[in-house]
Amino acid sequence: EKFVNDFLKEAIQDIEMTGNKDLEAMVRALQDGFECCGAERPSDWRNPTSYCCKKGEISCQASMMFTEGCAEKFSSWLKTNMMALGLSCIVLCIVEIGAVFAACCLAGKATE
């Protein structure tokens with residue numbers, strides 16, 4: 001959870017300092033998906049009303065913002081889905097190894 005918290009705080013700082021649009025899009029997608037704002041709380045942003053509004057809100061007020069932080073929500077989701085993520089990685093590795101093996105076999109036949 002500390003890693004996620006530190007990453008989000010650094011990302012927020014980078015967005016506010018440099019205006020990194022790609023990073024902003026990623027953080028906004030995370031906040032919209034998990035219905036949260038900031039690393040620990042909305043006040044992690046200098047101007048939370050610009051970044052913490054629920055999707056589709058045109059004029060945002062404090063009552064329309066997400067109030068929970070994202071680090072805890074995202075960490076909890078990762079812990080819950082760790083097995084599926086791990087199995088997906090293992091399956092992908094097996095497929096890649098099979099593709100390399102098939103390519104080696106084809107290359108060997110082509111040189112004969």
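Cut-offs used in this document
Residues numbered from 1 in each chain as written. Predicted model: local features only at pLDDT ≥ 70, side-chain atom pairs only at ≥ 80, totals over all residues. Heavy atoms only, no water. Axes fitted to C-alpha atoms, helices over the stretch in contact; angles between N-to-C directions. Helix = DSSP H or I, 4+ residues; strand = E, 2+ residues; numbered from the N terminus. Parallel < 35°, antiparallel > 145°, perpendicular 65-115°, else oblique. Left-handed = near helix turned anticlockwise from the far one by under 90°. Contact = heavy atoms within 4.5 Å. Nonpolar A, V, L, I, M, F, W, Y, C, P; charged D, E, K, R; others polar. Disulfide = S-S within 2.5 Å. Buried < 20%, exposed > 50% of the residue type's maximum accessible area, 1.4 Å probe, protein only. Polar contact = N/O pair within 3.5 Å; in protein donor to acceptor, adjacent residues only side chain to side chain. Phe/Tyr/Trp six-rings, centres within 6.5 Å; stacked < 30°, edge-to-face > 60°. Core = buried A, V, L, I, M, F, W, Y, C linked by side-chain atoms within 4.5 Å.

Colleague: Please set out the packing of helix H1 (residues 2–18) against helix H4 (residues 70–110) residue by residue, giving values where relevant.
Modeller: Between H1 and H4, the shortest axis-to-axis distance is 9 Å and the interhelical angle comes to 135°. Classified by the interaxial angle, the pair formed by H1 and H4 is oblique. Like other packed secondary-structure pairs, H1 and H4 cross with a definite hand, here right-handed. When H1 is examined against H4, the residues Val-4, Asn-5 and Leu-8 are found in contact with a partner set consisting of Cys-70, Ala-71, Phe-74 and Ser-75. Across the contact of H1 with H4, the residue classes tally to 5 nonpolar, 2 polar and no charged.

Colleague: An account of the state of the cysteines is needed here, citing residue identities and associated values.
Modeller: Applying the stated criterion across every chain, the model contains 2 disulfides. There is a disulfide in this structure between Cys-36 and Cys-70, and the S-S distance comes to 2.0 Å. Residues Cys-36 and Cys-70 are joined by a disulfide whose S-S torsion is about 100°; by sign, that bridge is right-handed. Placement of Cys-36 in the loop between helix H2 (21–34) and helix H3 (48–51) and of Cys-70 in helix H4 is noted, with a sequence separation of 34 residues between them. Disulfide pairing is shown between Cys-37 and Cys-52; the S-S distance is 1.5 Å.

Colleague: An account of the side chain of Gln-31 is needed here, citing residue identities and associated values.
Modeller: Inspection of the secondary structure puts Gln-31 in helix H2. Residue Gln-31 is classed as buried on the basis of its relative accessible area, which comes to 2%. For Gln-31, the side chain forms a polar contact with the main-chain nitrogen of Gly-38, separated by 2.9 Å.

Colleague: Summarise the packing of aromatic side chains; cite the residues concerned and give the values.
Modeller: Scanning the model with the defined rule gives 4 aromatic pairs in all. For the ring pair Trp-45 and Tyr-51, a centre distance of 3.9 Å and an interplane angle of 10° mean the geometry is stacked. Across the pair, exposure class does not vary: Trp-45 and Tyr-51 are buried alike. Both rings, one in Phe-74 and one in Trp-77, keep their centres 6.0 Å apart while their planes meet at 15°; by these two values the pair is stacked. Of this pair, Phe-74 and Trp-77 both sit in helix H4, 3 residues apart, which is roughly one turn of the helix. For Phe-74, a relative accessible area of 22% corresponds to the partly exposed category. We classify Trp-77 as partly exposed; its relative accessible area is 37%.

Colleague: Go over the environment of Leu-85, please, and point to the residues and values.
Modeller: By the secondary structure assignment, Leu-85 is in helix H4. In this structure the C-alpha to C-alpha distance between Leu-85 and Lys-73, which are 12 residues apart in sequence, comes to 17 Å.

Colleague: Which residues make up the environment of Pro-48, and what values go with them?
Modeller: Counting through the fold element by element, Pro-48 comes out in helix H3. For Pro-48 and Leu-85, which are 37 residues apart along the polypeptide, the C-alpha to C-alpha distance reads 32 Å.

Colleague: Which residues make up the nonpolar core, and what are the values?
Modeller: Nonpolar side chains tend toward joint burial in soluble globular proteins. In terms of nonpolar packing, the biggest core is built from 13 residues, with Ile-15, Val-27, Cys-37, Trp-45 and Cys-52 touching the most fellow members. Only H1 and H2 provide two or more residues apiece to this core. Sort the elements by how many residues they give to this core and H1 lands first, with 3 residues. When neighbours within four sequence positions are excluded, Trp-45 is seen to be in contact with Ile-12, Ile-15, Glu-16, Val-27, Gln-31, Cys-37, Gly-38, Tyr-51 and Cys-52. With 7 residues, the next largest nonpolar core counts Leu-8, Leu-30, Ala-39 and Ala-71 among its residues.

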